[in-house]
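Listed below are the residues making up each chain.
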Amino acid sequence: MGNDNLPVVSKETGRAMAESSVARAREAYERFAEAGEMALNAFEASAAQSFEGWRAVMGSSRETAHNLADRHAAGARTLREQWDDAGARLYNAVEDNAVHTMAAMREIGHRMLVASDTNVRAGLDFADRLAAAADAREVVALNIAFLQEQARRLTDQMVDLHQTASRLAREAAARTETP
């Protein structure tokens, strides 16, 4: 069942083309992974700037309240102190929650990126081995081995993500239970 329309390519040329394609795919992935890391860093910097902006707004609102309280008569000092205490408790609670939430998001995101990177690299390594395979029997053996490895790898990654998310949820619950 040959196809006379296809060009004839020697086995060595075909192998060289496959290896070259895998190498180009690996290089493209490296650039993609680097860009992803830069995007993650930019997101974290942006979130930190937003948090600092929120902190500045809270500070200016507190300062406005101080100025208003200072201009009024007798109970102004008590009102100001109550405002300060309530505002400080609220601000500290919000800041603490935001810090822990960002840390949890960063940890889960990092674990997912590492898992993704591991899987892509394993796929590229598999493609390298396939390109170097001597015959169809070796291709089948490589494929079976890769699928078994990938199944184990994915299971381990899912267990790790589940344990991490569960631990972070327990830690968050423990923080809310303590006064």
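Computed from a prediction, not measured in an experiment: that's the story for all the values here.

1. Describing helix 3 (residues 136-177)
Moving on, step 1. The end-to-end C-alpha separation of helix 3 is 61 Å, in line with the 62 Å expected for 42 residues at 1.5 Å each.
Moving on, step 2. All buried positions along helix 3 are accounted for by Leu142, Phe146, Gln150, Arg153, Gln157, Thr164 and Leu168.

2. Considering the packing of aromatic side chains
Moving on, step 1. Scanning all chains against the criterion turns up 2 aromatic pairs.
Moving on, step 2. With 6.2 Å between their ring centres and 40 degrees between their planes, Tyr29 and Phe32 make a pair best called tilted. Highlighted residues: Tyr29 and Phe32, both in helix 1 (residues 11-71), separated by 3 residues, approximately one helical turn.
Moving on, step 3. You can call Tyr29 buried: its relative accessible area is 11%.
Moving on, step 4. Given a relative accessible area of 59%, Phe32 falls into the exposed group.
Moving on, step 5. Plain terms: the ring middles of Phe126 and Phe146 are 4.2 Å apart, the flat faces sit at 15 degrees to each other, and that makes the pair stacked. Of this pair, Phe126 sits in helix 2 (residues 76-131) while Phe146 sits in helix 3, and the two are 20 residues apart along the sequence. For the pair shown, Phe126 and Phe146 are each scored as buried.

3. Looking at the side chain of Arg153
Moving on, step 1. Note on placement: Arg153 falls in helix 3.
Moving on, step 2. Buried and without a salt bridge, Arg153 has Glu149 as its closest oppositely charged side chain, separated by 4.5 Å.
Moving on, step 3. The contact partners of Arg153, leaving out residues within four places of it in the chain, are Thr118, Asn119, Ala122 and Phe146.

4. Thoughts on the side chain of Gln157
Moving on, step 1. By secondary structure assignment, the location of Gln157 is in helix 3.
Moving on, step 2. According to the relative accessible area criterion, Gln157 is buried, its value standing at 14%.
Moving on, step 3. Here Ala115 takes part through its backbone oxygen, which lies 3.4 Å from a polar atom of the side chain of Gln157.
Moving on, step 4. Gln157 has contacts with Ala115, Thr118 and Asn119, leaving out every residue within four places of it along the chain.

5. Regarding the confidence of the model for the chain
Moving on, step 1. Mean pLDDT for the chain: 80, with 80% of residues reaching 70 or above.
Moving on, step 2. Considering each helix and strand of the chain separately, the mean pLDDT is smallest for helix 1, with a value of 74, and largest for helix 3, with 92.

6. What about the nonpolar core?
Moving on, step 1. If you look at the biggest cluster of nonpolar residues, it comprises 5 residues: Ala122, Phe126, Ala133, Leu142 and Phe146.
Moving on, step 2. Mapped onto this core, the elements with two or more residues apiece are helix 2 and helix 3.
Moving on, step 3. Beyond its immediate sequence surroundings of up to four residues, Phe126 is in contact with Leu142, Asn143 and Phe146.

7. Description of the layout of surface pockets
Moving on, step 1. One number sums up the size of the largest pocket: a volume of about 390 Å³.
Moving on, step 2. As for the largest pocket, its lining consists of 16 residues, and the residues nearest its centre are Ala33, Gly36, Glu37, Leu113 and Asp117.
Moving on, step 3. If you list the elements that add at least two residues to the lining of the largest pocket, you get helix 1 and helix 2.
Moving on, step 4. It is helix 1 that provides the largest number of residues to the lining of the largest pocket, a total of 9 residues.
Moving on, step 5. A per-class count over the lining of the largest pocket returns 6 nonpolar, 4 polar and 6 charged.

About the thresholds
- Residues numbered from 1 in each chain as written.
- Predicted model: local features only at pLDDT ≥ 70, side-chain atom pairs only at ≥ 80, totals over all residues.
- Heavy atoms only, no water.
- Helix = DSSP H or I, 4+ residues; strand = E, 2+ residues; numbered from the N terminus.
- Expected span 1.5 Å × (residues − 1).
- Buried < 20%, exposed > 50% of the residue type's maximum accessible area, 1.4 Å probe, protein only.
- Phe/Tyr/Trp six-rings, centres within 6.5 Å; stacked < 30°, edge-to-face > 60°.
- Lys, Arg positive; Asp, Glu negative; His and termini not counted.
- Salt bridge = Lys/Arg side-chain N within 4 Å of Asp/Glu carboxyl O.
- Contact = heavy atoms within 4.5 Å.
- Polar contact = N/O pair within 3.5 Å; in protein donor to acceptor, adjacent residues only side chain to side chain.
- pLDDT = per-residue confidence, 0-100.
- Core = buried A, V, L, I, M, F, W, Y, C linked by side-chain atoms within 4.5 Å.
- 1 Å grid on protein atoms, 1.4 Å probe; cavity = no way out; pocket = protein on both sides within 12 Å on 5 of 7 lines; lining within 4 Å.
- Points joined across faces, edges and corners; volume = space filled by probe spheres on them.
- Nonpolar A, V, L, I, M, F, W, Y, C, P; charged D, E, K, R; others polar.

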